[in-house]
Structure formats: structure tokens, C-alpha cells
Amino acid sequence: YTANYTVKNITCSAGRYLEANSDECSTCPANSYCPGWNGNYDGLEHGKNLCTSLGSDYTTSEAGSDEASDCYIPASSLSGKYVATANSNATTCAAGGYCPVTSNVNYGSTGGRVACSAGTYNASTGSNASSACVACVAGSYNNTSGATSCTACSAGTTNTAGSTSCGSNCSNNAYIASWNTPTS
């Protein structure tokens, strides 16, 4: 016995995919992206990719997504975290900065971390507020952004809190020899 059948070619446009056991294209569901598909009907699902295949943190809320960049890590999942490298999951916010919850981060992008400014530092990881960056105390400094500590001023120098350098020490306790020279 020889079966006679016709091979059916199916094309699903971007934002649509071929469901298993169906020869009709369907709208790409939330949490997926569907770049489109063209091929012969074989009863299998084709053209749908789960956002979580890009990384466990990724999702979409809209149906009909057609590109991986439509997948994102929701801002609600980013408190104290950031995406350091494009196309990766979120990681705990590194010391030297803070990671505020500001917006979603799309696949293919980075974001979510703000470095502490020069004269301030943050030694902790997982921070989510600018208050995590504290000023270097008087007598110490740092001159780079993203610092995790401050450096003590060298002997004979000082400064005020939050400084990026140290200067000469001329405080109230400084002794100036010419002021104490007796006159006759």
C-alpha cells in the first residue's frame, strides 16, 4: 500500500507560530517570542521560543512578540540587582554602587547599576538606594567613581568629608614658629 498525501508548506509571520497538531498559525503567547516560521507541516510545534530560554529572569507580558529583545527582566525583579553583561541574567549589585529599581531591562541590553561618585564609597553588595554611597570621612579620600573604600590621607595632610584629594594641614593646632618669636 502506498499512501498519497500532499505536503503542506506553512508560513507563519513574525509574532506568530505553528502549534503542534495544527496547520494554522497562532499568535505568539506571553512569555515567548516568535520570529516567524516557514516549513512543511509535520504536526510539531515550530517558531515559538520561550523567553526563559534566554535566561531564567526573562519574560514578556504581551502576546505577539517577535524578537528576543521583546523579552525583559521586570523592574520588580531588579531591586538590589542589575544586568552587567548584555544577554545575561540579573546579578547581585556589586559593591561600589547601587541598583535602583527604575525600569525593565530588555534582552540584549545592560543596566540598572549606578556607580558611587568620587569622594563616596559603598562596601556592600545588593544595595538599591543612593544612600548606600557614603562620604569618605574627614582625613580620607577617593578620586574615582565606583569605589568600595576610601584611602587615608598621608601624614601632614587632611581634608573635609567627601573629598577627592588631601591638602596641606593648616588646622587650628598648627604651630607657626614666627608667631612665637619674642621681641626685645
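Residues numbered from 1 in each chain as written. Predicted model: local features only at pLDDT ≥ 70, side-chain atom pairs only at ≥ 80, totals over all residues. Heavy atoms only, no water.

## What about the overall build of the protein?
Worth spelling out the cut-off: Each helix corresponds to a stretch of at least 4 residues labelled H or I by DSSP, and each strand to a stretch of at least 2 residues labelled E; elements are numbered beginning at the N terminus. Only protein chains enter the area calculation, which uses a 1.4 Å probe; residues under 20% of their type maximum are buried, those over 50% are exposed, and those in between are partly exposed. Residues count as neighbours in contact if any of their non-hydrogen atoms are within 4.5 Å of one another. For accessible areas, the Shrake-Rupley method is used with a probe of radius 1.4 Å. Any residue's cover is judged against the shown protein chains and nothing else.
In terms of regular secondary structure, the protein is built from zero helices and 18 strands. Counting every position in the protein, which comprises 184 residues, the buried fraction comes to 30%. In the protein, once contacts between residues fewer than 6 apart in sequence are set aside, the share between residues at least 24 apart is 45%. With an accessible surface of roughly 10,700 Å², the protein has 46% of that area assigned to carbon and sulfur atoms.

## Overview of the side chain of Ser26
Just so we agree on the cut-off: In protein, a polar contact means a hydrogen-donor-capable atom and an acceptor-capable atom, both N or O and within 3.5 Å, with residues adjacent in sequence counting only if both atoms are side-chain atoms; elsewhere, any N or O pair within 3.5 Å suffices.
With respect to the helices, strands and loops of the structure, Ser26 is situated in strand S3 (residues 25–27). At 2.6 Å, the side chain of Ser26 forms a polar contact with the side chain of Glu19. Those residues in contact with Ser26 that sit more than four places away from it in its chain are Gly15, Arg16, Tyr17 and Glu19.

## Focus on the state of the cysteines
Spelled out, the test is: The disulfide criterion is simple: two cysteine sulfur atoms within 2.5 Å.
The final tally for this structure, using the stated rule, is seven disulfides. Each sulfur in the disulfide pair Cys51 and Cys71 lies 2.0 Å from the other. Here the disulfide of Cys51 and Cys71 is left-handed, its torsion about the S-S bond being about -70 degrees. Pair noted here: Cys51 is in the loop between strand S6 (49–50) and strand S7 (72–73) and Cys71 is in the loop between S6 and S7, with a separation of 20 residues, a long-range link.

## Regarding the pattern of salt bridges
The criterion, for reference: Definition used for salt bridges: Asp or Glu carboxyl oxygen within 4 Å of a side-chain nitrogen of Lys or Arg.
The tally for this structure, following the rule as stated, stands at two salt bridges. The shortest N-O distance in the salt bridge between Asp23 and Lys8 comes to 2.9 Å. Here the residue Asp23 occupies a position in the loop between strand S2 (16–18) and S3, and Lys8 occupies one in the segment before strand S1 (9–12), the gap between them amounting to 15 residues. Look at Asp23 and you get partly exposed, because its relative accessible area is 32%. The exposure class assigned to Lys8 is partly exposed, which follows from its relative accessible area of 37%. In this structure, the salt-bridge partner of Lys48 is Glu45, at a minimum N-O distance of 3.6 Å. With relative accessibility at 27%, the residue Lys48 sits in the partly exposed group.

## Considerations on the environment of Ala155
Position of Ala155 among the secondary structure elements: in the loop between strand S16 (151–152) and strand S17 (157–158). Residue classification places Ala155 among the exposed positions, given a relative accessible area of 81%. Separated by 13 residues in sequence, Ala155 and Ser168 have C-alpha atoms that sit 9.5 Å apart.

## Topic: the pairing of S1
Put simply, the test is: Strand pairing follows a simple DSSP-based rule, namely that at least 2 bridges must link the two strands.
Residues of S1 alternate between two faces, with Ile10 and Cys12 buried on one and Asn9 and Thr11 left unburied on the opposite face. One ladder, built from four bridges, connects S1 with strand S5 (residues 37–40); its direction is antiparallel. Counterpart to Ile10 in the pairing with S5 is Gly39.

## Structural notes on the packing of aromatic side chains
Rules: Between the rings of Phe, Tyr and Trp (Trp by its six-membered ring), a pair exists once the centres lie within 6.5 Å; its type follows the angle of the planes, with under 30 degrees stacked, over 60 edge-to-face, and the other angles tilted. Counted as over-ring charges are cases with an Arg CZ or a Lys NZ within 6 Å of the ring centre that also lie within 35 degrees of the ring normal.
Scanning the model with the defined rule gives one aromatic pair in all. When the ring centre of Tyr82 is taken as reference, the NZ or CZ atom of Arg113 above it lies at 5.9 Å.

## Structural notes on the confidence of the model for the protein
Detailed reading of predicted coordinates is not advised where the pLDDT is low. Which entries qualify depends on this criterion: For every residue, the pLDDT score states the predictor's confidence, bounded by 0 at the bottom and 100 at the top.
Looking at the protein as a whole, the pLDDT averages 88, with 88% of positions reaching at least 70. Taken element by element, the predicted model of the protein shows its lowest mean pLDDT in strand S18 (residues 167–168) (82) and its highest in strand S13 (residues 120–121) (97). For residues 172–184, every residue scores under 50 in pLDDT, and the model assigns this stretch one contact once sequence neighbours within four places are set aside.

## Things to note about unusual backbone geometry
Most peptide bonds are trans, and most residues other than glycine sit at a negative phi. For Asn21, which is not a glycine, the phi torsion comes out positive at approximately 60 degrees. For Asn21, the location among the structural elements is in the loop between S2 and S3. Owing to a relative accessible area of 66%, Asn21 belongs among the exposed residues under this scheme. Positioned with a positive phi, Asn87 is a non-glycine residue whose angle comes to about 70 degrees. Residue placement: Asn87 occurs in the loop between strand S8 (81–82) and strand S9 (91–92).

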